[in-house]
Amino acid sequence: TFFFSGLTATEKKLAEYKCNTNEAIQLKLVRFPEDLEDENTTFNPEYSHQVFGDDEVAFGYKGLKILLYYIAGNLSTLFRVEYTSRVNEKFDCVEADDVESKIREIIPPGFCTNTDDFVSLLEKEVNFKPFGMLLHTYSIHNEEAGEDITYQIYKADMTCPGFREYHERLQTFLMWFIETASFIDVDDERWNYFLVFEKYNKDGATLFATVGYMTVYNYYVYPDKTRPRVSQMLILPPFQGEGHGAQLLETVHRYYMSSPTVLDITAEDPSENYVKLRDFVLVKLCQDLLCFSPVKLMQGFSQEMVTEAQQKLKINKQHTRRVYEILRLRATNMGDAEQSRSYRLDVKRRLIGPYKKKQRELAKMRRCLRPEEMTNQLNQIDLNLQREQLEESFQQLVSDYRRVLERLAQA
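Just so it is clear, the structure is predicted and the values come from calculations on it, not from any experiment.

Further remarks concern the overall build of the protein chain. Within the protein chain one finds 15 helices and 14 strands. Excluding contacts between residues fewer than 6 apart, the proportion of contacts in the protein chain whose partners are at least 24 apart in sequence is 67%. Counting only carbon and sulfur atoms, one obtains 49% of the accessible surface of the protein chain, whose full area is about 22,600 Å². Counting 52 positive and 62 negative side-chain charges, the protein chain places the centres of these two groups 9 Å from one another.

What follows is the structure, given as structure tokens:
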């Protein structure tokens, strides 16, 4: 018994040296020297599993702090690891994780390790200008500052001087905020980069701060077209919830809309949040097209909608169908039994497609395996379950659609 209690004591002692890396990593976007001391400017990762493993734990330290501070515009980096104590290898026969080398694997070289160097770089920040070509300027009223703040969206590529190095620093944020992030091959010229900056004042000069960005890959479509596919999109946490994602996506859409060689725009493995954002932006773009007039919406989804949305707005068929369902919901009086029934059937007919396919595959399989009456019985059970799932999917969809329409009403 003594041995076991001794073990748990050691275990307890070692457990004190475990740190949650999402809490240990402290990120900042620094504009003024005083931001370094201000806890309100600090934010933490949502994810660190790609760097620290699925448990998101670093072992071997007490009071671990992994400081990753970035100058707001050009993202020059300060990287430091601090802790109150570290396990003693001789005494505990265990080794602390090499936290520093794990971070060095994802941040580019050339970072500062002490605050003085970082602050002197901060003074040069006035020379930083956005990369590439200005596409769009917009302003958002900021309650806290009590004024309108101006933002700009630029399109850049690797030929812009200094952009390659800047992008290396920028993409490290993906690791902390996108669950399945990966770095892209920047030597492939088919990538386009769209960047959002905020204009701010410092000692009478106008400076630029990085807000977020999007990468888009241009797929070739035979014989002479391209199909741009959104790969990654990130609005940095201090700027989230202010509407920058919608501004960025709409600007990118408008950029490609003007190109005769673009077929339509898609996205790679989109997250739920991205789908909601895209619904909002596409409905906003489509609502004034003639093919989406209330009368035509009530007649059902049509080839005319597909053609017009693709030709004028570069929207593909699948996304056009969602836009149609959202706009038709707006035009439908759901309190009217007939209108509501018609809408429900129309959406469920689309939703049932994958179920029907599965049903056919199952039926084929069972014909080989089971006697006839048993198959019918199983089909019946399946159908009831299917009806429930279908109703659930429909209700979820309608509530998502309503949120899009609410946001549209406020826009």
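Anyway, onward from the coordinates.
The next point concerns the UniProt feature "site: Interaction with histone H4 N-terminus" (unreviewed entry) in the protein chain. If you check UniProt for "site: Interaction with histone H4 N-terminus" (unreviewed entry), the listed places come out as Trp191 in our numbering. Within the element layout of this structure, Trp191 appears in strand β11 (residues 191–202). Setting aside anything within four residues of it in sequence, one finds Trp191 in contact with Ile184, Asp185, Thr215, Val216, Tyr217 and Ser231.

The next thing to look at is the packing of helix α10 (residues 272–286) against helix α13 (residues 317–331). Viewed as axis vectors pointing N to C, α10 and α13 meet at an angle of 75 degrees, and their least axial separation amounts to 9 Å. Put simply, α10 runs roughly perpendicular to α13. Residue-level inspection shows Val275, Arg278, Asp279, Leu282, Val283 and Cys286 of α10 in contact with α13, the latter providing His319, Arg322, Val323, Ile326 and Leu327.

Attention now moves to the sheet that holds strand β13 (residues 225–235). Overall, mixed pairing links the six strands, which are arranged β9-β10-β11-β12-β13-β14 in an open sheet. Edge positions in the sheet fall to β9 (133–142) and β14 (266–267), since each of these pairs with one other strand and no more. Pairing between strand β12 (residues 205–221) and β13: ten bridges, direction antiparallel. Bridging across to β13, Val221 finds its partner in Lys225.

Take the sheet that holds strand β3 (residues 42–43) next. In spatial order, the strands read β3-β2-β6-β7; together these four strands make up an open sheet with mixed pairing. The open sheet has two edge strands with one neighbour each: β3 and β7 (77–82). Note: strand β6 (residues 65–71) against β7, six bridges, orientation antiparallel. In the sheet register, Lys65 faces β7, and the bridge partner there is Glu82. Packed on one face of the sheet, helix α6 (residues 115–123) meets β2 (25–30), β6 and β7 and runs near 20 degrees to β6.

On to α10. Between its first and last C-alpha, α10 extends 21 Å over 15 residues, near the 21 Å set by a 1.5 Å rise per residue. Counting buried residues along α10, eleven of its 15 residues qualify, which places the element largely inside the surrounding structure. Every buried residue of α10 is accounted for by Tyr274, Val275, Leu277, Arg278, Asp279, Phe280, Val281, Leu282, Val283, Leu285 and Cys286.

Look at the UniProt record and you will see "domain: Histone acetyltransferase type B catalytic subunit C-terminal" (unreviewed entry) annotated at residues 278–329. Structurally, residues 278–329 is divided into 73% helix and 0% strand, and its ends, taken at the C-alpha atoms, are 17 Å apart.

Another point: empty space enclosed by the protein. Evaluation of the coordinates by the stated rule reveals one cavity of 30 Å³ or more. Lining the largest cavity are 13 residues, with His253, Ile265, Tyr274, Arg278 and His319 positioned closest to its centre. The element contributing the most residues to the lining of the largest cavity is α10, with three residues. Tallied by class, the residues present in the lining of the largest cavity amount to seven nonpolar, four polar and two charged.

Moving on to the pairing of β11. For β11, the buried fraction is high: ten of the twelve residues fall into the buried class. Bridging between strand β10 (residues 147–156) and β11 involves six bridges; their strand directions are antiparallel. Looking across to β11, one finds that Tyr154 is bridged to Leu195. Across twelve bridges, β11 lies against β12 in antiparallel orientation. Residue pairing in the sheet places Trp191 in a bridge with Tyr217 of β12.

All right, on to the pairing of β9 then. Examined bridge by bridge, β9 and β10 share nine bridges and lie antiparallel to one another. The residue of β10 that forms the bridge with Leu134 is Tyr154.

Once that is clear, we can look at the nonpolar core. Grouped together as the largest cluster of nonpolar side chains are 109 residues, with contacts concentrated most on Trp176 and Phe292. Ignoring any residue separated from it by four or fewer positions in sequence, one finds Trp176 in contact with Ile25, Leu27, Pro45, Glu46, Tyr47, Ser48, Val51, Leu68, Ile103 and Ile106. Among the nonpolar cores identified, the runner-up in size contains nine residues, and Val30, Leu36, Tyr69 and Leu78 belong to it.

What the domain assignment lists for the protein chain is domain 1 (14–125), domain 2 (129–269) and domain 3 (298–367 + 383–410). Of the residues lining the interface, 28 residues belong to domain 1; the matching set on domain 2 comes to 26 residues. Roughly 2,400 Å² is buried in total at the junction of domain 1 and domain 2, and carbon and sulfur atoms are behind 65% of that figure. Between the two partners, domain 1 and domain 2, sit one salt bridge. Here Glu198 ties to Arg31 by a salt bridge, and the two come within 3.0 Å at their closest N and O atoms. Here domain 1 and domain 2 share eleven residue pairs in polar contact (both at pLDDT 80 or more) between them. For the side of domain 1 that touches domain 2, the secondary-structure elements that each account for two or more residues are β2, α3 (49–52) and β6.

Moving on: the state of the cysteines. Scanning the entire structure with this criterion turns up zero disulfides. Left unpaired, Cys286 is separated from the closest cysteine sulfur, that of Cys291, by 7.2 Å. Classification of Cys291 as buried rests on a relative accessible area of 0%.

What counts and how
- Residues numbered from 1 in each chain as written.
- Predicted model: local features only at pLDDT ≥ 70, side-chain atom pairs only at ≥ 80, totals over all residues.
- Heavy atoms only, no water.
- Helix = DSSP H or I, 4+ residues; strand = E, 2+ residues; numbered from the N terminus.
- Contact = heavy atoms within 4.5 Å.
- Areas by Shrake-Rupley, 256 points an atom, 1.4 Å probe, with all protein chains shown as cover.
- Lys, Arg positive; Asp, Glu negative; His and termini not counted.
- Charge placed at Lys NZ, Arg CZ, Asp CG, Glu CD.
- UniProt positions renumbered as here; feature names shortened; annotations may be inferred.
- Axes fitted to C-alpha atoms, helices over the stretch in contact; angles between N-to-C directions.
- Parallel < 35°, antiparallel > 145°, perpendicular 65-115°, else oblique.
- Pairing = 2+ DSSP bridges.
- Expected span 1.5 Å × (residues − 1).
- Buried < 20%, exposed > 50% of the residue type's maximum accessible area, 1.4 Å probe, protein only.
- 1 Å grid on protein atoms, 1.4 Å probe; cavity = no way out; pocket = protein on both sides within 12 Å on 5 of 7 lines; lining within 4 Å.
- Points joined across faces, edges and corners; volume = space filled by probe spheres on them.
- Nonpolar A, V, L, I, M, F, W, Y, C, P; charged D, E, K, R; others polar.
- Core = buried A, V, L, I, M, F, W, Y, C linked by side-chain atoms within 4.5 Å.
- Domains from an automatic or database assignment.
- Buried area = accessible area lost by both parts, 1.4 Å probe.
- Salt bridge = Lys/Arg side-chain N within 4 Å of Asp/Glu carboxyl O.
- Polar contact = N/O pair within 3.5 Å; in protein donor to acceptor, adjacent residues only side chain to side chain.
- Disulfide = S-S within 2.5 Å.

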